[in-house]
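Here is how the chains run, residue by residue.
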Amino acid sequence: MSAVKNIVLVHGGFVDGSGWQSVHRLLTQDGYRVSVVQNPTVSLVDDVAVTQRALDALDGPAVLVGHSYGGAVITEAGRHDGVAALVYIAAFAPDKDESVGTLVADPAPGAPVPPILPPVDGFLFLDRDKFAASFAGDLPAEDAAFLADAQVPWSLDALNGPITEPAWRAKPSWYLVATDDHMIPPPVQHQMAERAGATVAEAAGSHAVYVSQPQAVADLIKRAAGQ
């Protein structure tokens, strides 16, 4: 595969695309054209459509990158003809007919339970007081507090949106496991990566590894891009 110069970054649930800023900076400094998708997180179908519109706007193939719930988005949107490779960053990688909801429905004994509050009007938030410990334990306290206060409501329709056909069955995939993740247990990340046939790397980081370890994230994306 010749080197791919377009990168599309997709954020997960509870956060917006601003967390990709350091990764964006590193990649653009290396000459990549980087797009950041702002998912509405109202439904998986809508988020896939937004992502595919970003891909439509590009001239040439792209590496499609997803964090957390963004992994479900790229798993569905990645069948787009313009996608050359997929990169999962501490992300869900569902199979056909699975959703993030089904993947988290039966946690392993002893696994950390994300502090998700009961839904209000069909939308979810994380408990602000427990956000840092569960999502961003390796960020400065003020940065984790900002993420907690700037949460994006995550719809149950997005959480429970099923995959029709996983793009990782047809596209090469890479996966960065965050080894101190308290949202998606690292063993679960490894299992999903293995099932997807992904090339796996690890980084010592929380679920917010894309914020705390941007160099490790950028390095894996560049590997997927053929650099």
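Owing to the predicted nature of the structure, the values given are computational and were not obtained by experimental measurement.

Rules behind the numbers
- Residues numbered from 1 in each chain as written.
- Predicted model: local features only at pLDDT ≥ 70, side-chain atom pairs only at ≥ 80, totals over all residues.
- Heavy atoms only, no water.
- Helix = DSSP H or I, 4+ residues; strand = E, 2+ residues; numbered from the N terminus.
- Rg over C-alpha atoms; globule rule 2.2 N^0.38 Å.
- Buried < 20%, exposed > 50% of the residue type's maximum accessible area, 1.4 Å probe, protein only.
- Contact = heavy atoms within 4.5 Å.
- Core = buried A, V, L, I, M, F, W, Y, C linked by side-chain atoms within 4.5 Å.
- 1 Å grid on protein atoms, 1.4 Å probe; cavity = no way out; pocket = protein on both sides within 12 Å on 5 of 7 lines; lining within 4 Å.
- Points joined across faces, edges and corners; volume = space filled by probe spheres on them.
- Pairing = 2+ DSSP bridges.
- Axes fitted to C-alpha atoms, helices over the stretch in contact; angles between N-to-C directions.

So, on to the overall build of the protein chain. Along its length, the protein chain carries 10 helices and 8 strands. Since a compact globule built from 227 residues should have a radius of gyration of about 17 Å, the 16 Å found for the protein chain is in line with a globular shape. Its C-alpha atoms put the protein chain at 45 × 35 × 30 Å along the principal axes. In the protein chain, which comprises 227 residues, the proportion classed as buried is 54%. The long-range fraction of contacts in the protein chain, counting pairs at least 24 apart against all pairs at least 6 apart in sequence, stands at 71%.

Judged by nonpolar contacts, the single largest core of 77 residues is most densely connected at Ile 7, Val 63, Leu 64, Val 65, Val 87, Ile 89 and Ile 221. Broken down by element, this core gets its largest block of residues, 7 residues, from strand S4 (residues 83–89). Every residue in contact with Ile 89, bar those within four places of it in the chain, is listed here: Trp 20, Val 65, Gly 66, His 67, Ser 68, Leu 176, Val 209, Tyr 210 and Val 217.

Roughly 630 Å³ of internal volume is contained in the largest pocket. Contributing to the lining of the largest pocket are 29 residues, with Phe 92, Leu 103, Val 104, Met 183 and Pro 185 lying nearest its centre. Of all the elements in the fold, those that place two or more residues in the lining of the largest pocket are helix H4 (100–103), helix H7 (156–159) and helix H8 (186–195). The element contributing the most residues to the lining of the largest pocket is H8, with 5 residues.

Pairing within the open sheet is parallel, and its 6 strands lie in the order S2-S1-S3-S4-S7-S8. On the outer flanks of this sheet lie strand S2 (33–37) and strand S8 (199–203), each paired with one strand and no other. Averaged over neighbouring strand pairs, the angle between their axes works out to 20° when direction is ignored. Bridge count between S4 and strand S7 (residues 173–178): 4 bridges; the pairing is parallel. Following the sheet pairing, Ile 89 is matched in S7 by Leu 176. The strands touched by H8 within the sheet are S7 and S8, with S7 carrying the most contacts at an inclination of about 170°.

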